[in-house]
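Architecture at a glance
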Amino acid sequence: MTTTEAKLVKRPRIPTTYIVALIPVAAALNIVGSTINAALRLPTFLDMIGTAVVAMTLGPWWGALAGLITNIGIAIIRNPVSLPFALCNMVGALVWGYGIRWKMGKSFGRLLILSMFVGFFVSLTAVPIYVLVFGGATGHFGDMLTATFVAMGQRLWVSVFSSNILVSFTDKIISTFVALAILGALPKELTSHLELVEQKNLKTVIWITLGIVVGIAALLFIMFTNIAG
Amino acid sequence: MNNMQLIANYVPGKSFFHRLHPSTKIIWVLGALLTVFFIKDPLIIFAFLVVVLVLIKASNTFATYRASLMLLLPIIFGLIFFQIVAPAFPKPWTPLARLGPFVLYNEGVYSALVLSLRIISVASFALLFIMTTYPGDLFTTMRMWGVPYEISFMVTTTIQLIPILQKEMNIILSAQRSRAMQASGFSALLPSIIPVFAGAIERVRQMSMTLESRAFGSSGKKTSIRQLKMGTLDYTLIILTIIALIGIFYLLWINQGFDRSQQMIFPAPAAIILFLGSIIGFFGILVLFARRIKN
Amino acid sequence: MSKNIIIKCEDLHHTYPSGVSALQGVDLAIAEREIVGVIGQNGSGKTTLVKHFNGLLKPTSGQVFVKGINTREAEIKEISRHAGYVFQNPNHQLFAGSVRKELEFGPANIGMSAEEIEERVRLAADFFGLEEFLDENPYRLSFPLRKTVGIASIYAMDPEIFILDEPTTGLDYTRARMVAALIKKLQDEGRTVLIVSHDMMLIAECCTRVIVLWNSRLIGDGTPREIFGNRELLEKTNLAPPQIFRMAEEIGLQHNGKTPLSVDEAVEAVERGERAG
Amino acid sequence: MTATNAAKEPIIRVEGLSFKYATATEKALKEINFTVFPGEYVAILGLSGAGKTTLCLSLNGIIPQMVMGEKEGRCLIKGQDTDEVPVREMAKTVGMVFDNPEYQLTQLTVEGEVALGLENLGIPYEEMLTRIKEALKVVGLEGLEERSPMQLSGGQQQRLAIAAAMAMYPEILVLDEPTTNLDPIGKEEVFEVLQRLNREKGMTIVIAEHEVEVIAEYADRVIILDRGELITNGPPAEVFNDVETISRLGLRTPQVTEFGYRLKKKGHNLPEQLPITLQDAVKKYSGVGGKK
């Protein structure tokens, strides 16, 4: 490989077999992402990075398929109760995919906003499932935050949504930028049509995320104490 | 090694359940799911669970089942905790006790029981299905039902890839630890995750070329190596299941789902024990999982 | 042999959590500046053995000492200062946006100062001829170059011991020659090198000592010539010595009273007219 | 071989083939011309980056159909142009095996893996069973039908990939460095299977490989590529005897040949054509340098 960029005039046709191979790999990587997350003891999920990569490169609906297949895979090899969360994975893919299509990847700021949109919509899908099916529990460290909000006198679904959105923001911002780093390693044929900002230093992203999340958390606490008081 | 628990849940065998057609079992799982979601009496759900457990025992899949169910525990403990203090019932709630900022309600204990038993029962039944159905047969069935071949192919490949990529991830983690990478925290994230993806991309390239060389996506009619036939037994069982479901839903409808939340009164100490137990259980499991991943 | 022992195993056993026993009672002492080839079929335990030398694996029973440190009591991070492990596939460790950042990763992790890191990166780039690629993305480099970056990223950490897992796999002849030359350069710098490999030409050329593993046990330990000359041992492990060695054995060609290991030696043997009995 | 070739039509005909990858500045293949006759065993040698993989991928149309770039010239397989016949159709004539066995396996069982290509071709169930049985027997994996491909050793996995290609009854098998990732036993297993396919089934084999000792023993013809150009094309005995060219290209000749070449240069009396295999060398060199 040489460094000189051959200008790719038209968007190349991606072979079907490439898509058929990429989606399972992305689905498996979603699962590996969550294992790495656990191994490094991070407060996130990182279970949608593969979905993000597919949604950004192949488009929202292929991303959604990758999300669906991820959860079918988990259901078969681990535990079937995670199946309803296929919906969240698919919603995330759609927001990522359309966001990139609508030029939300052009600058660092826009990408940050896009990640927060993804986080918001994923939470919006996940919270009803958590509340109605799992009685508000996620089996994640986020439950402690939910418990705090409940103790502050909030209703269960408000508490679950509040804690979920905090984790979700963190998770989706980091996932987006990890996906961005991965796109850098992808073959040019797949990424040449994307208008994407250069990869940012992950440390910066993490600090910004931390700022946003702490800000929102503080806002929520103030709101809740005021309402309670 | 933690990749042990990731091997597909299928347990080879020749039990009654193993021999049924996947279609029959899928109808059972869906039926059980619907039934359990409309029953509001914990005792009936418990009875249902006992039946499922007997079936699991009978099909020699109990060990795998127990390991898989373990993964549900944190969510169950969380559920019990939240439901006791914030039940999934319309107010008014009957308080039983008070612990710090939390008030424990009678309806809460009731709904904690209903919800957790529901999840465990549905999970158990679904696991019974998965443990006794060879994944390849499941995909053949999917194709019989008109799901495109490409989709079932992608699911098969995903299942195949998960343990492989987990193994790859373990190698990558050791390679980076050999370069003195931090054992945890965000600084270790990119060094761990980028190599997994980059390797996977090469895999995708070669896999797609291989598929193309195996005539994948040929226009002609496809055949299948796994031959599955619906037997008389399968047809009979499906018809019986549908009749039974109609009967069950009629009963559920006239009894309003057997809601006994107003009749069942729990003693306050029981609520407290359950509440504290869920907290201890939640943290205990998290610590246990964290330790298992470390090893 | 007795002085300057840098790696020492005493009755090393290793059993994986799955119950598979991969090492059964290995006793071994490696001296400074030795170039040791570790050979055996896949599954014989050779990788398991060398993974003990930088703490990636801990003995199930027995002891391993690396530079006098008992690996049971130290973290990988500490041992990796002394013993660097280069994995077979460079794709398993490259992640950074540039070769320079890749080389900086290890030294930064073991807490070198900024100046030291810069110096080490410069030395590594120089040693491996990577100066012109320092600002390239490692994923845009060819496989052989990536493999070189992999070794260089360990070299940057300045360990006394190098463990190379299949350093020539996937490389063509010219690149394999370059790896052999690098190993010799490491030796000249006074480092100890362990080579796990199936490449018998590399072993014959570089190693001062070869150990043979078979079925989780150490069954052979000697110079390459002694090991390759031991038919029974090689047959057991299903490994074949370099072609020239086999030919010389068949026709009874000898070099200083020993079977030649390389074409050079064989040619010299003919010139001197040396023959076995 | 050569005597019979005159009568036969070539099965592969490469005419003026050039290819430049879209992302590269230099051509990966430059004006390549050669033909292969049915039943030949052809080895392609060259340093990495010489164009071996590009050439292999051109033989069933993956290049130019799946890879972006500029192609010139033609590549005819049994008279069919690889530009025109889709890869999936060409699969019936050309089987492909790649360097990493694990990347080629996608199914849950050994049997399913071999069946994949047959299912895609729409082969009837009964015939599929016969073909699978036969293919697994040829590569020596019978009895492992229900095993997961991931539980196999590297050599077994690569043999499975060969079986999967073979079951589609291609006339040509193209292998791109199939033994790079294998241990010595695995390498041997794969070469044995290839030899059997070639000698017993008459399958045409085109293989890119580094192991010159093995090529010297099995191949009918050796093609050497260097920076995209075809340098030599001839029988191994001839090619490997041109030690100067080979070492100029950074490649190596079998050790026994190099040994003879060096002795010859020092004035030893050796046969015109140096041996390229161990057995032959032992015969021919038995008196070398000795005083008798």
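Counting restarts for each chain, with residues numbered from 1 along the sequence as it is written. All chains are assigned letters beginning with A, and all ligands numbers beginning with 1, in the order in which they are written. pLDDT decides what is reported in this predicted model: residues at 70 or higher carry local features, side-chain atom pairs at 80 or more are listed and counted, and totals for whole chains, interfaces and linings draw on all residues regardless. To obtain the side-chain values, all non-hydrogen atoms of the structure were used and water was disregarded.

**Here we look at the packing of aromatic side chains**
Each aromatic ring pair is summarised here by two numbers: the centre-to-centre distance and the angle between the ring planes. Convention followed: Each aromatic pair joins two rings of Phe, Tyr and Trp (for Trp, the six-membered one) with centres within 6.5 Å, and gets the label stacked for planes under 30 degrees apart, edge-to-face for over 60, and tilted for any other angle. Accessible area is worked out with a 1.4 Å probe on protein chains only. A residue is then buried under 20% of its type maximum, exposed over 50%, and partly exposed in between. The criterion for a charge sitting over a ring is simple: Lys NZ or Arg CZ within 6 Å of the ring centre, and within 35 degrees of the ring normal.
According to the stated counting rule, one finds 35 aromatic pairs over all chains in the structure shown. Ring centres of F127 of chain C and F128 of chain C lie 5.0 Å apart, and the angle between their planes is 55°; this geometry places the pair in the tilted category. The buried category is assigned to F127 of chain C, whose relative accessible area is 8%. By the ring-pair criterion, three or more aromatic residues cluster together here, those being F117, F120, F121 and F161 of chain A. Taking the ring centre of Y155 of chain C as reference, the NZ or CZ of R120 of chain C above it sits at 5.1 Å.

**Concerning empty space enclosed by the protein**
Under the convention used in this document: Here a cavity means grid points, on a 1 Å grid over the protein atoms only, where a 1.4 Å probe fits yet cannot get out; a pocket means an open set of points with protein on both sides within 12 Å along at least five of seven lines; lining residues are those with an atom within 4 Å of a point. Grid points are joined across faces, edges and corners, and a volume is the space filled by probe spheres set on the points. Starting at the N terminus, helices and strands are each numbered in turn, a helix being any DSSP run of H or I of at least four residues and a strand any DSSP run of E of at least two. Each residue gets one of three labels, nonpolar for Ala, Val, Leu, Ile, Met, Phe, Trp, Tyr, Cys and Pro, charged for Asp, Glu, Lys and Arg, and polar for the others, Gly among them.
This model, assessed by the stated rule, comprises six cavities of 30 Å³ or more. The space that makes up the largest cavity amounts to roughly 240 Å³. Of all the secondary-structure elements, those providing two or more residues to the lining of the largest cavity are α7 (135–144) and α8 (149–177) of chain B together with α5 (110–121) of chain D. Residues of the lining of the largest cavity, tallied by class, amount to seven nonpolar, eight polar and three charged. Each pocket or cavity is described by its volume, and for the second largest cavity that value is around 60 Å³.

**Some remarks on the packing of α7 of chain B against α8 of chain B**
Residue and element names in this part refer to chain B. What counts is decided by this rule: Angles here are taken between N-to-C directions and fall from 0 to 180 degrees, while the axes themselves are lines fitted to C-alpha atoms, restricted in helices to the stretch in contact. Throughout, the term roughly parallel applies to angles under 35 degrees, roughly antiparallel to angles over 145, roughly perpendicular to angles from 65 to 115, and oblique to all others. Each crossing gets its handedness from the near helix: less than a right angle anticlockwise from the far helix is left-handed, clockwise is right-handed. We call two residues in contact when some of their heavy atoms are within 4.5 Å.
For the pair α7 and α8, the least separation of the axes is 9 Å and the interaxial angle reads 165°. Between α7 and α8, the crossing angle belongs to the class labelled roughly antiparallel. α7 and α8 meet at a crossing whose hand is right-handed. Of the residues in α8, those touching α7 at F139, M142 and R143 are Y149, S152, V155, T156 and I159. Across the contact of α7 with α8, the residue classes tally to five nonpolar, two polar and one charged.

**Let's talk about the interface of chain B and chain D**
A common way to report how large an interface is uses the accessible area buried once the components associate. The test is simple: Accessible-area loss on putting two parts together, using a 1.4 Å probe and summing over both, is the definition of buried area adopted here. For this analysis, a salt bridge means a side-chain nitrogen from Lys or Arg found within 4 Å of a carboxyl oxygen belonging to Asp or Glu.
Each partner contributes residues to the interface: chain B has 35 residues there, and chain D has 43 residues. Between chain B and chain D lies a buried interface of about 3,300 Å² when both sides are counted; carbon and sulfur atoms form 56% of it. For the chain B face of the interface with chain D, the top three residues by lost area are Q160, R214 and I225 of chain B, together amounting to 24%. Joining chain B to chain D, the criterion identifies two salt bridges. E102 of chain D is the salt-bridge partner of R203 of chain B, the closest N and O atoms lying 3.1 Å from each other. Looking at the side of chain B that touches chain D element by element, the count peaks at eleven residues for helix α9 (residues 189–213) of chain B.

**A look at the sheet that holds strand β4 (residues 61–66) of chain C**
All names here are of chain C. Rules: Strand pairing requires that DSSP identify at least two bridges connecting the strands.
What the four strands build is an open sheet, ordered β2-β1-β4-β5; its pairing is antiparallel. The sheet is open, and its two borders are formed by β2 (21–31) and β5 (69–70), each paired with just one other strand. In the sheet, strand β1 (residues 5–15) pairs with β4 via five bridges, with the strands oriented antiparallel. Following the sheet pairing, I7 is matched in β4 by V66.

**Focus: the nonpolar core**
The criterion, for reference: Grouping buried Ala, Val, Leu, Ile, Met, Phe, Trp, Tyr and Cys residues that are joined through side-chain atoms within 4.5 Å yields what is termed a nonpolar core. Boundaries of every domain are those given by an automatic assignment or by a domain database.
One finds F177 and V178 of chain A, L189 and I193 of chain B together with I183 of chain C to be the most contacted residues of the largest nonpolar core, which totals 217 residues. Here this core gets 16 residues from one element, more than from any other, and that element is helix α6 (residues 106–132) of chain B. When residues are assigned to domains, this core turns out to be shared by domain 1 (1–134 + 227–295) and domain 2 (149–225) of chain B, each giving three or more.

**Points about the pattern of salt bridges**
A complete count under the given rule lists 39 salt bridges over all chains for this structure. Taking the shortest distance from any N to any O, the salt bridge between E26 of chain D and K30 of chain D comes out at 3.2 Å. The exposed category is assigned to E26 of chain D, whose relative accessible area is 51%. Sharing partners across several salt bridges, the network here consists of R120, D158, E189 and R191 of chain C.

**So, the environment of R248 of chain D**
Residue placement: R248 of chain D occurs in helix α11 (residues 243–248). Its relative accessible area of 63% is what places R248 of chain D among the exposed residues.

**Structural notes on the confidence of the model for chain B**
Cut-off, in case you're wondering: pLDDT expresses, on a scale from 0 to 100, how confident the predictor is about each individual residue.
Of the residues in chain B, 96% reach a pLDDT of 70 or more, and the chain-wide mean stands at 86. No element of chain B has a lower mean pLDDT than helix α11 (residues 268–294) of chain B, at 83, and none a higher one than helix α3 (residues 42–58) of chain B, at 93.

**Regarding the domain arrangement of chain B**
We note that the domain assignment places domain 1 (1–134 + 227–295) and domain 2 (149–225) within chain B. The C-alpha centroid of domain 2 of chain B is placed 33 Å from the C-alpha centroid of domain 1 of chain B.

**Section: the interface of chain B and chain A**
Note the following rule: As used in this structure description, the phrase polar contact means that two N or O atoms lie within 3.5 Å; if the pair is within protein, one of them must be able to donate a hydrogen and the other to accept it, and residues adjacent in sequence are counted only when both atoms belong to side chains.
Each side of the interface is counted separately: chain B has 72 residues, and chain A has 62 residues. The contact between chain B and chain A buries some 6,000 Å² in all, and 84% of this surface belongs to carbon and sulfur atoms. For the chain B face of the interface with chain A, the top three residues by lost area are F82, F186 and F197 of chain B, together amounting to 13%. Counting across the chain B and chain A interface gives four residue pairs in polar contact (both at pLDDT 80 or more). Per element, the largest residue contribution to the side of chain B that touches chain A is 16 residues, and it comes from α9 of chain B. Across the side of chain B that touches chain A, the residue classes break down as 54 nonpolar, 13 polar and five charged.

**Comments concerning the sheet that holds strand β3 (residues 41–45) of chain D**
Residue and element names in this part refer to chain D. Taken in spatial order, the six strands of this open sheet run β6-β7-β8-β3-β9-β10, and their pairing is mixed. At either end of the open sheet lies a strand with only one pairing partner, and these are β6 (94–97) and β10 (229–234). Across the sheet, the mean angle separating the axes of adjacent strands is 15° when strand polarity is ignored. In this sheet, β10 lies alongside strand β9 (residues 221–226) in antiparallel orientation, the contact comprising five bridges. Bridge pairing in β10 links I223 to N233. Against the sheet, helix α7 (residues 154–166) engages β6 and β7 (172–176), with an angle of about 165° to β6. Sitting on the sheet, helix α8 (residues 184–201) is in contact with β3, β7 and β8 (204–208), with an inclination near 150° to β8.

**Side note on the side chain of T140 of chain B**
Looking at the element boundaries, T140 of chain B is found in helix α7. Not counting residues up to four positions away in its chain, the partners in contact with T140 of chain B are S224, R226 and L228 of chain B.

**Some words on helix α4 (residues 62–70) of chain B**
Residues that lie three or four places apart on an α-helix share one face, since the helix turns once every 3.6 residues. All names here are of chain B. Where we set the bar: The directions from the helix axis to the C-beta atoms form the arc being described.
Residues of α4 that are buried include every one of Y65, S68 and L69, and no others. All buried residues of α4 fall inside an arc of 100° around its axis, so they share one side. Across α4 from its buried face, at more than 90 degrees, point the exposed residues A63 and R66. Those residues of α4 that are buried are in contact with α3, α5 (73–85) and α6.

**Comments concerning α5 of chain D**
Most of α5 of chain D sits inside the fold, with eleven of its twelve residues counted as buried. Along α5 of chain D, the residues that are buried comprise V110, E111, G112, E113, V114, A115, L116, G117, L118, E119 and N120 of chain D. Against α8 and α9 of chain B together with α6 (125–138) and α7 of chain D lie the buried residues of α5 of chain D. G122 of chain D, located one to two residues past α5 of chain D, shows a positive phi value of around 75°.

**Looking at the side chain of K25 of chain B**
Residue and element names in this part refer to chain B. We apply this condition: Charge convention: Lys and Arg are scored as positive, Asp and Glu as negative, and His as well as the terminal groups of each chain are ignored.
In this structure, K25 sits in helix α2 (residues 22–38). Summary of buried charges: K25 has no salt-bridge partner, and the nearest side chain of opposite charge, D137, is 7.3 Å away. Excluding residues that lie within four positions of it along the chain, K25 makes contacts with F17, H18, L20, F129, T132 and T133.

**Thoughts on the pairing of β1 of chain C**
Regular strands have side chains that alternate between both faces of the sheet. Residues and elements named next belong to chain C. Here β1 runs beside β2; their pairing, made up of seven bridges, is antiparallel. Its bridge partner being in β2, K8 is matched across the sheet by A29. Counting the residues that bridge the hairpin from β1 to β2 gives five residues, and of these G19 lies at a positive phi of roughly 100°.

**Some remarks on the environment of V179 of chain C**
Residues and elements named next belong to chain C. Its place among the elements puts V179 in helix α6 (residues 173–188). Overall, V179 belongs to the buried group, its relative accessible area being 8%. Taking the C-alpha atoms as reference points, V179 and F128, 51 residues apart in sequence, are found 9.7 Å from one another. For V179, the residues in contact, after removing those within four places along its chain, are P167, T168 and L171.

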